[in-house]
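Architecture and fold: a report
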Amino acid sequence: MNVISQNIKVSLSICIIALGMGEAHAAGDIEKGEKVFKKCMTCHKIGEGAKNAIGPVLTGVVGRKAATVPDYSYGKSMRQARETGLVWSEESLDGWLTNPKKYLRKILDTRKAKSKMKFKLKKQADRDNVIAYLKTFSVEIKKDAMKKDGMQTEATPGLAKPAMVVAATDICVENQSGKTLLFVAEAKGGERVVKTLKAAENLCVPQKMIDAGGTVGVFLDEDAMEGCSRLAKAGQPERLVAYEPFDNCTWAQ
Ligand code: HEC
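Now for a look at the structure at hand. (Residues numbered from 1 in each chain as written. Predicted model: local features only at pLDDT ≥ 70, side-chain atom pairs only at ≥ 80, totals over all residues. Heavy atoms only, no water.)

**A few points about the sheet that holds strand β6 (residues 202-206)**
We apply this condition: Two strands form a pair only when DSSP identifies at least two bridges running between them. Numbering of helices and strands runs from the N terminus; a helix is a DSSP stretch of H or I covering at least four residues, while a strand is a stretch of E covering at least two.
Here we have four strands laid out as an open sheet, ordered β6-β3-β9-β10, and mixed in their pairing. At either margin of the open sheet sits one strand with a lone partner, and together these are β6 and β10 (250-251).

**Some details on the coordination of the iron atom of the ligand**
The textbook angles at a metal center are 109.5 degrees for a tetrahedron of four donors and 90 or 180 degrees for an octahedron of six. In plain terms, the rule: For Na, K and Ca the donor cutoff is 3.2 Å, while for all other metals N, O and S atoms must lie within 2.8 Å; water is not among the atoms, so some sites may look incomplete. Here the metal geometry follows the donor angles, with tetrahedral for four donors whose angles all fall between 85 and 135 degrees, square planar for four and octahedral for six when opposite donors are more than 155 degrees apart and every other angle is between 65 and 115, and irregular for all the rest.
Surrounding the iron atom of the ligand are the protein donor atoms H44 (NE2) and M117 (SD), which sit 2.0 to 2.1 Å from the metal. In this structure, the iron atom of the ligand is surrounded by six donor atoms whose angles at the metal cover 87 to 179°, and the resulting shape is octahedral. With H44 in the loop between α2 (30-40) and α3 (76-83) and M117 in the loop between α5 (100-108) and α6 (124-134), the pair connects residues that are 73 residues apart, well separated along the chain.

**Regarding the environment of L86**
Convention followed: Pairs of residues are marked as contacts when any of their non-hydrogen atoms sit within 4.5 Å.
Its location among the elements puts L86 in the loop between α3 and α4 (90-98). In this structure the C-alpha to C-alpha distance between L86 and I107, which are 21 residues apart in sequence, comes to 8.8 Å. Excluding residues that lie within four positions of it along the chain, L86 makes contacts with K65, A66, A81, S92, Y103 and I107.

**What about the site of the ligand?**
The condition is simple: One heavy atom within 4 Å of a molecule or strand makes the whole residue count as near it. Between N or O atoms, a polar contact is any pair within 3.5 Å; within protein, one atom must be a potential hydrogen donor and the other a potential acceptor, and residues adjacent in sequence are included only when both atoms are from side chains. Residues are sorted three ways: Asp, Glu, Lys and Arg are charged, Ala, Val, Leu, Ile, Met, Phe, Trp, Tyr, Cys and Pro are nonpolar, and all the rest, Gly among them, are polar.
Close contacts around the ligand come from 26 residues, with C40, C43, H44, Y74 and M117 the closest. A distance of 2.8 Å separates a nitrogen atom of the ligand from a polar atom in the side chain of H44. Within the backbone of K116, one N or O atom sits 2.8 Å away from an oxygen atom of the ligand. If you list the elements that add at least two residues to the shell around the ligand, you get α2 and α4. No other element matches α4, which puts three residues into the shell around the ligand. For the shell around the ligand, the per-class residue count stands at 19 nonpolar, four polar and three charged.

**Things to note about α2**
Put simply, the rule reads: For each residue, the accessible area found with a 1.4 Å probe, counting protein chains only, is set against the maximum for its type, and the residue is called buried under 20%, exposed over 50%, and partly exposed in between. This arc corresponds to the set of directions leading from the helix axis out to the C-beta atoms.
Regarding α2, the residues found buried are G33, V36, F37 and C40. An end-on view of α2 places all buried positions within 110° of arc, on one side of the element. Opposite its buried face, α2 presents the exposed residues E31, K32, K35 and K38, each directed more than 90 degrees away. Buried residues in α2 make contact with α6. N-cap assignment for α2: the residue whose side-chain oxygen lies 2.9 Å from the backbone N of E31 is D29.

Laid out in C-alpha cells, this is it:
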C-alpha cells in the first residue's frame, strides 16, 4: 500500500501545479438552490426524462461543453461560444448567470454577441446556490455510443440506458481492460478510494470542487511496485483499456 500512497502523492502534487488555484467560490446551499431553480423552470427542465423547452435541458450541465444538448436550437453566439471550447464550470456558469449577454460579449470579444436567455441572477448567493443544485444532477453516458466510437465517448445528458451513471462532481475510473486490477481514485482535497475491480467495474470518489480535478491510478495488485496514474476531471471517467506497468497503460481518452 505504501507504494500506492507514494505514487498518488506524486501525481497529486503534479495535479495541483497543473490545475493551479481556480477562482474561489463559496460552496452553495443545495436546498436554497432548489428554490432559486424555480425561477429557471419557466424555461428549463432538469432530471430524469427532462425535455428541451424554451431553454435546453440542464441535466448534467456542470462539466458539460456549452451548447451541446441534442435537438435544441441555440442562438448564433452560443454556437460560437461552443466553438471556443466553452465548458460549464462553476466559474463560467457564474459569469453566464450574472448576465448571459454580457458574458458572451466578453468571451467572444464582440459587442454584437446576443443571448436567447434574457434572464439574470443578480445575487451572488443565488448563483452559488443554484450552481450547487445543478451539480446534483448526474451525467449519463451512453453505452451504445461507447461501443460505436471505440470508447471515445462524450457525456450525453439524460438519454438512453447508461453504462455508468456519474455525478458531474465525481472522479471516476472504469476498468475496460478485461482483467482484474487494483484501482485508486483520489479527489483533490484528499478523499481516496482503493478497490480491486473486475472487468467492466468502476470506481468513483466524490469531488467537492468541480474545477479541481483529481487522480486515478491502477496497479497489478497491492504488492506491485509500479503502475499507472493519470489526472482526471470531475464527471469525465477515465477508462483503462490495457494495463502495462511503468505508466505505459492505454487509456480510452
Ligand atoms: C425566460 C427563459 C429562461 C430562464 C428563466 C432561464 N433560462 Fe437559461 N436559457 C434560456 C435560453 C433560451 C437558453 C439558450 C440560449 C441561447 O441559445 O442563446 C438558455 C441557456 C442556458 C444555459 C446554457 C445551456 C447549454 O446547453 O449550453 C444554462 C447553463 C442556463 N440557461 C441556465 C439557467 C439557469 C440556472 C436559470 C435560472 C437561474 C436559467 N437558465 C433561467 C432561457 C431561460
